[in-house]
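# Observations on the model geometry
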Amino acid sequence: MKKALLVVSFGTSYPETCEKNIVACERALAASCPDRDLFRAFTSGMIIRKLKQRDGIEIDTPLEALKKLAEQGYQDVAIQSLHIINGDEYEKIAHEVQSLRPLFNRLTLGKPLLSGHQDYVRLMQALEQQMPALNANEKVVFMGHGASHHAFAAYACLDHMMSVQRFPARVGAVESYPEVDVLIDSLSQEGVRGVHLMPLMLVAGDHAINDMASDEEDSWKTQFNAAGIPATPWLNGLGENPAVRAMFVEHLQQSLEVA
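Residues numbered from 1 in each chain as written. Predicted model: local features only at pLDDT ≥ 70, side-chain atom pairs only at ≥ 80, totals over all residues. Heavy atoms only, no water.

### Structural notes on the sheet that holds strand S4 (residues 106-110)
Taken in spatial order, the 4 strands make up an open sheet running S2-S1-S3-S4, and their pairing is parallel. The strands lining the two open edges of the sheet, one partner per strand, are strand S2 (37-42) and S4. Adjacent strand axes in the sheet meet at a mean angle of 20°, parallel and antiparallel pairs treated alike. Alignment of strand S1 (residues 2-9) against S2, held across 6 bridges, turns out to be parallel. Counted as the bridge partner of Ala 4 is Asp 37 from S2. Relative to S4, helix H4 (residues 88-100) is tilted by about 170°, and along the sheet it contacts S1, strand S3 (74-81) and S4. (Pairing = 2+ DSSP bridges. Helix = DSSP H or I, 4+ residues; strand = E, 2+ residues; numbered from the N terminus. Axes fitted to C-alpha atoms, helices over the stretch in contact; angles between N-to-C directions. Contact = heavy atoms within 4.5 Å.)

Okay, structure coming up:
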């Protein structure tokens, strides 16, 4: 029986970032199941259109990829999401998988990065490996994407766990809670004198470059600096972290074990 591995991410239009993060994850996942042929899909229609118009590169949506795999005779397909939370993007994938299940003998879907309590513990351990050496009055602030979906609570949960365990980092979100001004107020009251800004995203794309690290008036770096807390940005996506890649591999293997 022909077997496939379909790795699904939001996507990115930055080639170097794609190589460092998405491709790195795809390689790790493919190495964990060498009997499967590797395929890619993006969930962002905007990025898919941009790559086609700008570079002539065609990337499938998950629905398109699955239909093609069925046409090509793949009857055992393992899908792994590279999303961070169980939000709208992941729910759409899960719905599409369910709708196409009759086309396959076996179709599995691995969960996003933060899908259970142990994932939060593991992620904190993974983040510690990429954090710079900190002075006594410094912390790292991780920027999550945020969501209108109720899964946005994952960011607040991770932030809370970090505070309770006295982990020298905090988590905020661009498009939901915790907002950056909440973190600035809290860290100011703690007497923090400097922060390092890092993306809590698979890739360091537009949000990391513009909303986090730029000199624009409303960027996180600018807002922290204006509050008297010097901010040093780091443009590294989570996909560059080997321990994060190992978490995705574990989620893939878990989905294969239960199916």
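There is more to say, and it comes next.
### Quick look at the nonpolar core
Of all hydrophobic cores here, the largest spans 49 residues; its most connected members are Leu 123, Phe 142, Met 162 and Leu 200. Looking at this core, the elements with two or more residues in it are S1, helix H1 (15-32), helix H2 (45-55), helix H5 (117-130), strand S5 (138-144), helix H6 (153-164), strand S6 (169-173) and helix H10 (242-258). When residues of this core are assigned to their parent elements, the largest contribution, 7 residues, is made by H10. If we ignore the near neighbours within four places in the chain, the residues touching Leu 123 are Leu 113, Leu 114, Leu 158, Leu 200, Val 244 and Met 247. (Core = buried A, V, L, I, M, F, W, Y, C linked by side-chain atoms within 4.5 Å. Buried < 20%, exposed > 50% of the residue type's maximum accessible area, 1.4 Å probe, protein only.)

### Quick word on the sheet that holds strand S7 (residues 194-199)
One open sheet holds the 4 strands; their spatial order is S6-S5-S7-S8, and the pairing between them is parallel. Each edge of the open sheet is held by one strand with a lone partner, namely S6 and strand S8 (231-233). Within this sheet the neighbouring strands show an average axis-to-axis angle of 25°, counted without direction. In terms of strand pairing, S5 meets S7 through 6 bridges, oriented parallel. Counterpart to Val 140 in the pairing with S7 is His 196. Each of S5 and S6 is contacted by H6, which is oriented at about 165° to S6, the strand it contacts most.

### Some words on the pattern of salt bridges
Counted according to the given criterion, the structure contains 14 salt bridges. Across the pair Glu 19 and Arg 27 runs a salt bridge, and its minimum N-O distance is 3.0 Å. Across the pair Asp 55 and Arg 54 runs a salt bridge, and its minimum N-O distance is 2.8 Å. (Salt bridge = Lys/Arg side-chain N within 4 Å of Asp/Glu carboxyl O.)

### Remarks on the packing of aromatic side chains
According to the stated counting rule, one finds 1 aromatic pair in the structure shown. Each ring, one from Phe 39 and one from Tyr 74, has its centre 5.4 Å from the other, and the planes form 75°; the classification is edge-to-face. Placement of the pair is Phe 39 in strand S2 and Tyr 74 in strand S3, with a sequence separation of 35 residues. Of the residues examined, Tyr 74 reaches a relative accessible area of 7% and is grouped as buried. (Phe/Tyr/Trp six-rings, centres within 6.5 Å; stacked < 30°, edge-to-face > 60°.)

### Brief notes about the pairing of S7
With 6 of its 6 residues buried, S7 lies for the most part within the structure. Every second residue of S7 is oriented toward a common face, with Gly 194, His 196 and Met 198 on one face and Val 195, Leu 197 and Pro 199 on the other, all of them buried. Two strands pair when backbone bridges link them, and S7 and S8 are joined in this way by 3 bridges, in the parallel orientation. Across the sheet, the residue bridging to Val 195 is Ala 231, located in S8.

### Re unusual backbone geometry
The phi torsion at Arg 166 lies on the positive side, around 55°, for a residue other than glycine. Tracing the chain through its elements places Arg 166 in the loop between H6 and S6. On the accessibility criterion, Arg 166 (75% relative accessible area) is exposed.

### Some thoughts on the pairing of S5
Burial of S5 is extensive: 7 of the 7 residues sit out of reach of the surface. Burial of S5 is two-sided: the residues Glu 138, Val 140, Phe 142 and Gly 144 facing one way and the residues Lys 139, Val 141 and Met 143 facing the other way are all buried. Judged from the 5 bridges that link them, S5 and S6 form a sheet pairing that is parallel. Bridging from a neighbouring strand, Met 143 pairs with Gly 172 of S6.

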